[in-house]
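Residue strings, one per chain:
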Amino acid sequence: MLEVRHLTKCYEGKGKKPFCALRDIDFTLQDNEVVSLLGHNGAGKTTLVKCLASLLYPTEGQILYNGQDIYQNVRKYRSRVSYLLGGERGLYNRLTGRENAVYLAAIKGVFGRELKEKIDRYFRIFELEAFIDKRVENYSRGMKQKLHIINALLTDASVIFLDEPTAGMDPVSAQKTREVIKSMAKEQRRSILITSHMMNEVEDLSDRMLVFFHGEKRFDGSIAYFENLMQKEIVCRMRLHKTEQTWMAGQKLCAQYGDQVQLEETGEEFLFTSKGRTSEELVERCVRPLSEAVIDISFEKADLERTYIDYVASLEQQSGKEQ
């Protein structure tokens with residue numbers, strides 16, 4: 001288990017007051033748990049991951065691995081941690097995929113027959129076995145990303161930090177990669193922290209999500225709790241037959257419910273839109289009174305991406321008021 005206590009990281013500026021990239025951060029990363037870290041550019045995500053990977057020393061606070069400060073034995077801690085950079089960084093284009101894996105594992109102190117078996121197995125799992133002995137300069141972006149993940153998994157690290165793990169992959173490869181990541185976390189009891197801007201990835205992988213805003217942790221919980229916290233509305237849209245009776249019934253509902261409903265004329269039909277907390281509420285409020293005129297009906301709920309965007313907007317609005 002990884003535990004973060006009151007973590008703060010500040011940078012000194014020349015002739016300026018210190019800039020704090022992280023302020024008083026607290027959270028835990030349990031064994032066999034996948035947690036996604038979200039935040040706008042400059043929120044402190046990269047700084048946090050570098051601190052957790054022991055690449056940056058915090059200004060204040062502690063990082064505990066299984067109850068022990070990571071800096072009491074930082075070499076041992078680093079042997080239990082893997083950090084995926086992603087992109088072109090950290091790979092050697094003139095080496096083959098196998099040679100990259102062997103070399104980067106050797107840096108971590110992993111050698112021998114067991115390593116060869118792992119390399120063969122992971123290249124097969126990630127469907128790269130046909131390219132294992134080809135130079136990395138001939139790999140696509142998605143293939144390089146898979147190689148990064150393989151390198152992160154080879155050391156049997158118990159804590160893994162993944163930056164945009166499926167970036168550059170086609171949808172099928174991305175889905176298979178997410179399945180492997182989830183399997184590694186659950187079956188091998190690894191703790192995995194992911195930074196991502198792809199909400200479908202966050203939703204598919206995460207047991208929990210963290211939201212950072214200007215160096216502060218603003219949310220820590222499940223996706224379901226996040227969506228409930230935001231109390232997103234369901235939108236009901238109905239296409240209606242265009243009759244005077246329908247128009248009068250729609251206008252009556254508009255007068256009764258105000259900006260929660262809207263009636264529009266679209267050619268030979270009416271479009272009636274209503275917002276509510278549950279589909280049952282919308283059925284009772286609007287569908288039943290207009291049921292005889294309904295051509296078709298649909299219910300839509302805001303997805304995680306829309307919910308997250310609205311949440312960040314609310315944080316920005318709150319921050320502006322405080323200033």
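Preceding this section is the structure that the text describes.
About the cut-offs
Residues numbered from 1 in each chain as written. Predicted model: local features only at pLDDT ≥ 70, side-chain atom pairs only at ≥ 80, totals over all residues. Heavy atoms only, no water. Pairing = 2+ DSSP bridges. Helix = DSSP H or I, 4+ residues; strand = E, 2+ residues; numbered from the N terminus. Axes fitted to C-alpha atoms, helices over the stretch in contact; angles between N-to-C directions. Contact = heavy atoms within 4.5 Å. Parallel < 35°, antiparallel > 145°, perpendicular 65-115°, else oblique. Left-handed = near helix turned anticlockwise from the far one by under 90°. Buried < 20%, exposed > 50% of the residue type's maximum accessible area, 1.4 Å probe, protein only. Core = buried A, V, L, I, M, F, W, Y, C linked by side-chain atoms within 4.5 Å. Salt bridge = Lys/Arg side-chain N within 4 Å of Asp/Glu carboxyl O. Expected span 1.5 Å × (residues − 1).

J.: Help me out: how do you make sense of the sheet that holds strand β11 (residues 234–241) in this one?
T.: Backbone-to-backbone hydrogen bonds pair the strands of a sheet. The strands run either parallel or antiparallel. An order of β12-β13-β11-β14 is seen for the four strands of this open sheet, with the pairing classed as antiparallel. Both outer strands of the open sheet, β12 (261–266) and β14 (294–301), are each paired with one neighbouring strand and no more. Across this sheet, the average inter-strand angle for adjacent strands is 15°, counted without regard to direction. Sheet strands touched by helix α9 (residues 244–257): β11, β12 and β13 (269–276). Its angle to β12, the strand with the most contacts, is close to 150°. Sheet strands in contact with helix α10 (residues 279–287) are β11, β12, β13 and β14, and its direction is about 135° off that of β13.

J.: Sorry, what's going on with the packing of helix α3 (residues 97–107) against helix α4 (residues 112–125) here?
T.: Each packed pair of helices is defined by two parameters, the angle between the axes and the distance between the axes. Where α3 contacts α4, the axes come no closer than 11 Å and their chain directions differ by 130°. Here α4 runs oblique to α3, going by the angle between their axes. Where α3 crosses over α4, the handedness of that crossing is right-handed. Across from Gly97, Arg98, Ala101, Val102 and Ala105 in α3, the residues of α4 making contact are Leu115, Ile119, Asp120 and Phe123.

J.: Looking at this structure, I do not really get the environment of glutamate 88. What am I missing?
T.: By the secondary structure assignment, glutamate 88 is in the loop between β6 (81–84) and α3. Glutamate 88 sits in the exposed class, given a relative accessible area of 51%. As a C-alpha pair, glutamate 88 and isoleucine 223 span 135 residues in sequence and 31 Å in three-dimensional space. If we skip the residues at most four places from it in the chain, glutamate 88 touches Asn93 and Lys144.

J.: How do you make sense of unusual backbone geometry when you look at a structure like this?
T.: In most cases, non-glycine residues show a negative phi, while peptide bonds are predominantly trans. In this structure, histidine 6 is a non-glycine residue whose phi angle is positive, near 50°. Tracing the chain through its elements places histidine 6 in strand β1 (residues 2–13). We note that glutamate 164 has phi near 45°; this positive angle belongs to a residue other than glycine. Secondary-structure assignment places glutamate 164 in the loop between β7 (159–163) and α6 (171–187).

J.: Before we go on, may I ask you to explain the nonpolar core in this structure?
T.: The tendency in soluble globular proteins is for nonpolar side chains to be buried as a group. One finds Phe123, Leu162 and Ile192 to be the most contacted residues of the largest nonpolar core, which totals 34 residues. Among the elements of the structure, α3, α4, α5 (141–153), β7, α6 and β8 (191–195) are those that each provide at least two residues to this core. Considering each element in turn, this core owes the most residues, six residues, to α5. With sequence-adjacent residues up to four places away left out, phenylalanine 123 is seen in contact with Gly97, Arg98, Ala101, Leu128, Glu129, Ile132, Tyr139, Leu147 and Ile150.

J.: Which parts of the structure should I look at to understand the pattern of salt bridges?
T.: If the charged atoms of two oppositely charged side chains come close together, the side chains can form a pair. By the definition in use, this model includes 22 salt bridges. Here arginine 208 makes a salt bridge to glutamate 33, at a shortest N to O gap of 2.7 Å. Of this pair, arginine 208 sits in strand β9 (residues 208–213) while glutamate 33 is found in the loop between β2 (16–29) and β3 (34–39), placing the two residues 175 residues apart along the sequence. For glutamate 269, the salt bridge is made with arginine 239, and the minimal N-O distance between the two is 2.7 Å. In this pair, glutamate 269 is assigned in strand β13 and arginine 239 in strand β11, connecting sequence segments 30 residues apart. Because the salt bridges share partners, they merge into one network encompassing Glu33, Arg208, Lys217 and Asp220.

J.: How do you make sense of α9 when you look at a structure like this?
T.: In an α-helix, one turn spans 3.6 residues, which is why side chains three or four residues apart end up on the same side. Look at α9: 20 Å from first C-alpha to last across 14 residues, which is about the 20 Å you get at 1.5 Å a residue. Those residues of α9 that are buried are in contact with β11, β12, β13 and α10. Backbone geometry just downstream of α9 places glycine 258 in the positive-phi region, at approximately 60°.

J.: Please clarify how the sheet that holds β8 should be interpreted in this entry.
T.: Read across the open sheet, the six strands follow the order β6-β7-β8-β3-β9-β10; overall the sheet is mixed. With partners counted over all chains shown, the strands left at the sheet margins are β6 and β10 (216–221), one partner each. Each neighbouring strand pair of the sheet contributes to a mean axis angle of 15°, computed without reference to strand direction. Two elements, β7 and β8, share five bridges in a ladder whose sense is parallel.

Just geometry here; none of it tells us what the structure is for.
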